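A closer look at the structure
Here are the chains, one letter per residue:
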Amino acid sequence: MAEPPAFPSRSAICWPVFLSASFVLLALVLYAGLWPEGAAGTFTAAQAWVIQSFGWFYMLAVAIFLVAALQLAFGRHGGVRLGADEETPEFGNASWFAMLFSAGMGIGLMFFGVAEPVMHYAAPPPGTTGTAQSFGAAREAMISTFFHWGLHAWAIYAMVGLVLAYFGFRRGLPLTLRSALYPFLGERFRGWPGHVVDSFAVIGTMLGVATSLGYGAAQANAGLAHLTGMPTGPLVQVALIAGIITIALGSVMLGLDGGIRRLSILNLGLALGLMVFVLATGPTLFLVQAYVQNTGAYLADIVGRTFRLHAYEPSGWLGGWTLLYWAWWIAWSPFVGMFIARISRGRTIKEFVLGVLVAPAGFTFAWMTVFGNTAIQMDMAQGGWLSAAVGADVTTALFRFLEALPLSAITSWAATLLIVTFFVTSADSAALVVDTIASGGSEENPVWQRIFWCVAIGALAAVLLLAGGLSALQTASLIGALPFTVIMLIATWGLVRALNEEADARTGHAPARAPAASDGWQQRLGAALHRPSRATAERHLHAAIRPALEAVAEEIRKRGGQAELVAEDGRAALAAELPGGARFTYAVQLRAMKEAAFVLAGAQPTEASRHRWWRAEVAGAGYDVFGWTRDDIIGDVMAVLDRALVRAGR
């Protein structure tokens, strides 16, 4: 019999992040749970003020994220690999896409695939050609739906994921959002500014997933009531949450590769089966034509819609739809961005961006066309019954739609199963992400930490569902998207700055100063051909790299500058402020080659270590200095410093 997976027993919790995030979450839950009506009123008023005053900022920021993602993919940095230059992707394209789809939008498509197109069709956006429930309203309904679920949403996720993957896998920094501050703060990113950013990410992830879990339980309850006559209400929905979390705990125990990946593939298979069924039993030729036309109309008007604020024709539609969607995607981005970063190690920036933008958006467009256009055609042909049903209870929209197709009992059960498995995937993925952030980016944590976060998400949703505070908490998470948008813009700037520094470091030749041929050339040849263990790489870090950096730091201090050697487990960094104010950082990080820690979660620690070899990489440049002498390292530091001063105009 196979032994269960072994996990580390030592906790790596970052207590400032854990305690501050827990305190804020507890305060919000008490406020929303004990005074739900007052909290809802306060947060709704605050949300209305944010949308009215900063709607332009949301629209501009999301446009910047989309342009930045495309520029990075097709610009000079597109070939940069998210990891060492020799690494390859850890997951195949099919598994990767399945996990992207499940974490990013899977459950939302189940809820809004029928509901949103029908709602836009029944109440068209301003400027629509034609009246409600007309052909013009149908065309506009699909374009608006594509716009809300298309490239802009995935660009938000892509930028957060790209920041995390680059700094975590290429620079060797913690796999948390605080690492985006490194280009601006240097090693000070490990202090309170980093704690604030990571705490915000934990809070946003917990609120977003907990509120979605609560509303998802309501939809699952509606589906089961429609199928079996099960009663509806908070107690039943809490029982459903408990069942979903119990299943999620099993997935958490199996880890990323054994649990989440397999569930994601199951989700994608069920979703494809359901979509193909609707396509085959619905107006097939019309749906194929509509997919092409909807996509073309969306792309033709994408620039105008990106910047459309209805400044000349003010209405509440933009704030009630587009801006709420942008805020919601931003609120979810710490969770989804972290998750897609963790599954994307070894891909190039171009592969990452195109994969995250194009593949999920293309599937989303197909899903919305098949379900949305079929639903609108049903409504047109049968006197508006479906739009009336959606208006009466949006949670039953999917099931009322399937009821009008053949084999409705089977497809409704399949849809209910899909809703549950999507939420299981969201819950265990969120537990994995929050555990990583709250542990300072540590990837090898005891399994009880992930179990704790998974149970906490379910408990948070259940308490608020019983107290009636879910709506208030969802509104609070959308308000929190405003400051996080600022953090995302800073992180995007930091990513571009770091990539430019790396490109400059590689210009001409890399490393900055190659070791001179001397009596130690045999040692360097051996290092080039040898695959050192962690212990061997650590000895070289202590014997040559840290003494070299300390010698440079001492010389800088003698000449009136400030310099500090930051020595951590597997890392040495020289952070200096030169006379005149210029800042300079040179860091070496031990990097494990082969699988990342979370891929080998099912292996014993000793077995995992046998499958790795180690490099001593210069952060931001990617070359290996293992085997270099102390003088070689000093020479490389000085060459990098010279180039930095030249770029600064000194």
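From a predicted model like this one, the values you see are computed outputs, not experimental measurements. (Residues numbered from 1 in each chain as written. Predicted model: local features only at pLDDT ≥ 70, side-chain atom pairs only at ≥ 80, totals over all residues. Heavy atoms only, no water.)

1. Some remarks on the nonpolar core
As a reminder of what qualifies: For this analysis, a nonpolar core means a set of buried residues of the types Ala, Val, Leu, Ile, Met, Phe, Trp, Tyr and Cys, connected via side-chain atoms within 4.5 Å. Exposed residues in this analysis have more than 50% of their type's maximum accessible area, buried residues have under 20%, and partly exposed residues fall in between, with area computed by a 1.4 Å probe over protein chains only. Note on contacts: a residue pair is in contact if any heavy atoms of the two residues lie within 4.5 Å.
One finds Met110, Phe371 and Phe401 to be the most contacted residues of the largest nonpolar core, which totals 178 residues. Those residues within four positions of Phe371 in sequence are excluded, and the remaining contacts are Gly113, Val114, Leu274, Met275, Val278, Leu398 and Phe401. If you look at the next biggest cluster of nonpolar residues, it comprises 30 residues, including Ala553, Ile556, Ala576 and Trp628.

2. Quick look at the packing of helix α8 (residues 192-228) against helix α13 (residues 322-342)
Our working rule: A fitted line through C-alpha atoms serves as each axis, taken over the contacting stretch for helices, and the angle formed by two N-to-C directions is quoted from 0 to 180°. Note on conventions: DSSP H or I runs of at least 4 residues are helices, E runs of at least 2 residues are strands, and numbering of each starts at the N terminus. Oblique is the label for every angle not falling under 35 degrees (roughly parallel), over 145 degrees (roughly antiparallel), or within 65 to 115 degrees (roughly perpendicular). A crossing counts as left-handed when the near helix is turned anticlockwise from the far one by less than a right angle, and as right-handed when that turn is clockwise.
It is at 8 Å that the axes of α8 and α13 come closest, and there the two elements cross at 115 degrees. Viewed along their axes, α8 and α13 adopt a mutual orientation that is roughly perpendicular. Seen from above, α8 lies across α13 with left-handed handedness. Counted together, Ala201, Gly204, Thr205, Gly208, Val209, Thr211 and Ser212 of α8 and Trp328, Ala331, Trp332, Pro334 and Phe335 of α13 form the full contact between these two elements.

3. Re the pairing of strand β2 (residues 571-577)
Keep this limit in mind: Strands are labelled as partners when DSSP assigns at least two bridges between them.
By the criterion of burial, β2 is predominantly enclosed, with six of the seven residues buried. Inspection of the sheet shows strand β1 (residues 562-568) paired to β2 by seven bridges, in the antiparallel sense. Pairing of Val566 across the sheet is with Ala573, part of β2. Adjacent in sequence and paired antiparallel, β1 and β2 are bridged by two residues, among which Gly570 carries a positive phi angle near 75 degrees.

4. Regarding the environment of Thr246
Our working rule: Counted as a polar contact is a pair of N or O atoms within 3.5 Å, where, for protein atoms, one must be capable of donating a hydrogen and the other of accepting one, and residues adjacent in sequence contribute only when both atoms are in side chains.
Examined against the element boundaries, Thr246 turns out to sit in helix α9 (residues 234-281). In the structure, Thr246 is positioned 209 residues away from Val455 in sequence and 8.5 Å away in space, judged by C-alpha atoms. A polar contact is formed between the side chain of Thr246 and the backbone oxygen of Ala242, at a distance of 2.7 Å.

5. Comments concerning the pattern of salt bridges
A pair can form between side chains of opposite charge whenever their charged atoms are brought close. We count it as follows: Every case where a carboxyl oxygen of Asp or Glu lies within 4 Å of a side-chain nitrogen of Lys or Arg is listed as a salt bridge.
Counting across every chain of the model gives 14 salt bridges. Between Glu617 and Arg615 there is a salt bridge whose closest N-O contact spans 2.7 Å. By relative accessible area, Arg615 is classed as buried at 6%. Each of Glu140, Asp301, Arg305 and Arg308 takes part in one network of salt bridges that share partners.

6. What to know about the side chain of Asn294
Relative to the helices and strands, Asn294 resides in helix α10 (residues 284-300). According to the relative accessible area criterion, Asn294 is buried, its value standing at 8%. Only 3.4 Å separates the side chain of Asn294 from the side chain of Thr369, close enough to count as a polar contact. Looking at Asn294, its side chain comes within polar contact range of the side chain of Asn373, at 2.9 Å. With sequence-adjacent residues up to four places away left out, Asn294 is seen in contact with Met142, Phe146, Thr369 and Asn373.

Read these as geometric descriptors, not functional statements.
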